[in-house]
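Descriptive analysis of the structure
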Amino acid sequence: MSSNPEPTLVTHNGGCHCKRVRWKVEAPTSLIAWKCNCSTCSMRGNTHFVVPINNFKLISGESNITTYTFGTHIAKHTFCNVCGITSFYTPRSNPDGIGVTLACLDPGTVTHVEIRSFDGINWEDSYSQSGISACSKLKS
């Protein structure tokens, strides 16, 4: 009986459009990203992948980050106060992690992306059925 080894993590870099907000994130080269239809993700066209908070490091632009919350105020929708881009945020589904906007990655480090749907309109049902909460847990 063989087990699948955990994927190797690489450093992905990225940030906002004006490049004031820059970060790096440790994640596999093959990503599972989530397309959500909640009111804010659908308006922003946000498709993101989730990593444990310890796998994310803000490199620059802390003073350029503005945070928006609504509803439960668990999610922290961060965006650059210059160009308006949400390159990362704290998702309600994973308050112990970071949601990284797929389109904000610098090119060259991703080999494959599987897009999964998250039904943010029916948040509770989707949360319990999707397995998204496991995405921000460190693998032991």
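Everything below is about the structure printed above this text.
Model, not experiment: these values are computed from the prediction.

So, on to the overall build of the protein. On a plain count of helices and strands, the protein comes out with two helices and 10 strands. If you list the helices and strands of the protein from N to C, you get β-β-β-α-β-β-β-β-β-β-β-α. A compact globule built from 140 residues should have a C-alpha radius of gyration of about 14 Å, and the protein, at 15 Å, falls within 12% of that. Summarising its shape, the C-alpha atoms of the protein cover approximately 55 × 35 × 20 Å along the three principal directions. Of all 140 residues assigned to the protein, the portion counted as buried reaches 38%. Partitioning the contacts of the protein with sequence separation of at least 6, the portion at a separation of at least 24 is 59%. For the protein, the exposed area adds up to about 8,000 Å²; of that, 54% sits on carbon and sulfur atoms. Once the 12 positive and 9 negative side-chain charges of the protein are each reduced to a mean point, those two points are 8 Å apart.

Attention now goes to the pattern of salt bridges. With the rule as written, the count across this model stands at four salt bridges. Among the ionic pairs, aspartate 106 bridges to arginine 22, the shortest N-O distance being 2.6 Å. Taken as a pair, aspartate 106 in the loop between strand E9 (97-101) and strand E10 (112-118) and arginine 22 in strand E2 (residues 22-27) lie far apart in primary sequence, 84 residues in all. With a closest N to O distance of 2.7 Å, lysine 137 and aspartate 96 form a salt bridge. Of this pair, lysine 137 sits in the segment after helix H2 (123-130) while aspartate 96 sits in the loop between strand E8 (88-89) and E9; the two residues are 41 residues apart in sequence, bridging distant segments of the chain. Here aspartate 96 falls in the partly exposed class, since its relative accessible area comes to 31%.

Turning to the environment of proline 28, a few remarks are in order. The topology assignment puts proline 28 in the loop between E2 and strand E3 (30-36). Between the C-alpha atom of proline 28 and that of histidine 12, which follows or precedes it by 16 residues, the distance is 8.9 Å.

What follows deals with the sheet that holds E2. In space, the three strands of this open sheet follow the order E1-E2-E5, with antiparallel pairing throughout. What marks the edges here is a single partner per strand, and that holds for strand E1 (10-15) and strand E5 (56-60). For this sheet, the mean inter-axis angle between neighbouring strands, taken without regard to orientation, is 25°.

A few words on the side chain of threonine 47. Along the chain, threonine 47 turns up in strand E4 (residues 47-52). By relative accessible area, threonine 47 is classed as buried at 17%. In this view, threonine 47 contacts Ala33, Trp34, Lys35, Val100, Thr101, Leu102 and Ile115; residues no more than four positions away in its chain are not counted.

Moving on to the pairing of E4. Among the six residues of E4, six are classified as buried, and the element is accordingly described as predominantly covered. Sheet topology places E3 next to E4; two bridges connect them, and they run antiparallel. If you follow lysine 35 over to E4, its bridge partner there is threonine 47. Note: E4 against E9, five bridges, orientation antiparallel. Within E9, the position partnered with proline 52 by the bridge is glycine 97.

About the thresholds
Throughout this description, residue numbers start from 1 for each chain and increase along the sequence as written. Only residues with pLDDT of 70 or above have their local features reported here, since the model is predicted, and side-chain atom pairs are shown and tallied only from 80 upward, although totals for entire chains, interfaces and linings are computed over all residues. Heavy atoms throughout the structure, all of them, feed into the side-chain values; hydrogens and water do not. In this text, helices come from DSSP runs of H or I with a minimum length of four residues, and strands from runs of E with a minimum of two, each type numbered from the N-terminal end. We compute the radius of gyration over the C-alpha atoms and compare it with the globule rule, which gives 2.2 Å times the number of residues raised to the power 0.38. Each residue's exposure class comes from its accessible area (1.4 Å probe, protein chains only) as a fraction of the maximum for that residue type: buried when under 20%, exposed when over 50%, partly exposed otherwise. Any two residues having at least one pair of non-hydrogen atoms within 4.5 Å are treated as being in contact. For the area figures, the Shrake-Rupley method with a 1.4 Å probe applies, and any residue is considered shielded solely by the protein chains shown. Neither His nor the chain ends contribute to the count of charged residues, in which Lys and Arg are positive and Asp and Glu negative. Each charge is placed at NZ for Lys, CZ for Arg, CG for Asp and CD for Glu. Basic side-chain nitrogens of Lys or Arg form a salt bridge, by our definition, when they fall within 4 Å of a carboxyl oxygen of Asp or Glu. We treat two strands as partners when DSSP finds at least two bridges between them. Axis definition: a line fitted to C-alpha atoms, limited for helices to the stretch in contact. Angles are taken between N-to-C directions and run from 0 to 180 degrees.

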